[in-house]
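A structural walkthrough
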Amino acid sequence: MYPKFILVSDSKKPLVGTFVYGMVWNHKDLFEAYEKVHGYVKIHGGGWYEKDDARKTITLYGGSGDYGEPRLLFLNRIPRELEEYSFYYTPIHGLPGNKLDLTDVEWF
């Protein structure tokens, strides 16, 4: 299993994206599990993540073979358990990431 994420929005709030992450084989596994609970959702890309609990950082990188590159404009809602973490993005794992501005993020 691999650390993967997707960004999804539902039909009630199509411009608000939710960060969905977990250890799965394929990105579609995240999608199917989320959709089963929440109903129809639109995918705004995905990728891989590296979570460092000691440094409280999450680095997002790469893209999803199933859904393409993550459209980070849809990183609007993040699970509350990650509120103390700083988020970074890099297109290629191993390159330094750019810190993401989470000022307007809703923690749920």
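A quick note: this is a predicted structure, and the numbers were derived from the prediction, not measured.

**Here we look at unusual backbone geometry**
For Lys56, which is not glycine, the phi dihedral falls at a positive 55°. With respect to the secondary-structure elements, Lys56 resides in the loop between β3 (41-52) and β4 (57-61).

**A closer look at the nonpolar core**
Of all hydrophobic cores here, the largest spans 17 residues; its most connected members are Phe19, Leu60, Ile78, Leu82, Phe87 and Leu102. Elements with a contribution of two residues or more to this core: β1 (2-10), β4 and β6 (86-90). Look past the residues within four positions of Leu82 in its chain and what remains in contact with it is Phe19, Tyr21, Lys51, Ile58, Phe87 and Trp107. Residues Ile6, Val24, Tyr34 and Val41 belong to the second largest nonpolar core, which totals nine residues.

**Some thoughts on the pairing of strand β2 (residues 18-24)**
The two faces of a sheet get side chains in turn, since along a regular strand they alternate between them. The element β2 is extensively covered by neighbouring structure, given that five of its seven residues are classed as buried. Of the strand pairs in this sheet, β1 and β2 are connected by seven bridges, and their pairing is antiparallel. Bridge pairing links Ile6 to Val20 in β2.

**Overview of helix α1 (residues 27-38)**
Between its terminal C-alpha atoms α1 stretches 17 Å, which fits the 16 Å expected from 12 residues at 1.5 Å a residue. Of all the positions in α1, only His27, Leu30, Phe31 and Tyr34 are classed as buried. The buried residues of α1 occupy one face: seen down the axis, they fall within an arc of 95°. Here the buried face of α1 lies against β1, β2, β3 and β5 (77-78). Once α1 ends, the next one or two residues include Gly39, with phi positive near 85°.

Definitions and limits used
- Residues numbered from 1 in each chain as written.
- Predicted model: local features only at pLDDT ≥ 70, side-chain atom pairs only at ≥ 80, totals over all residues.
- Heavy atoms only, no water.
- Helix = DSSP H or I, 4+ residues; strand = E, 2+ residues; numbered from the N terminus.
- Core = buried A, V, L, I, M, F, W, Y, C linked by side-chain atoms within 4.5 Å.
- Buried < 20%, exposed > 50% of the residue type's maximum accessible area, 1.4 Å probe, protein only.
- Contact = heavy atoms within 4.5 Å.
- Pairing = 2+ DSSP bridges.
- Expected span 1.5 Å × (residues − 1).
- Arc of directions from axis to C-beta.

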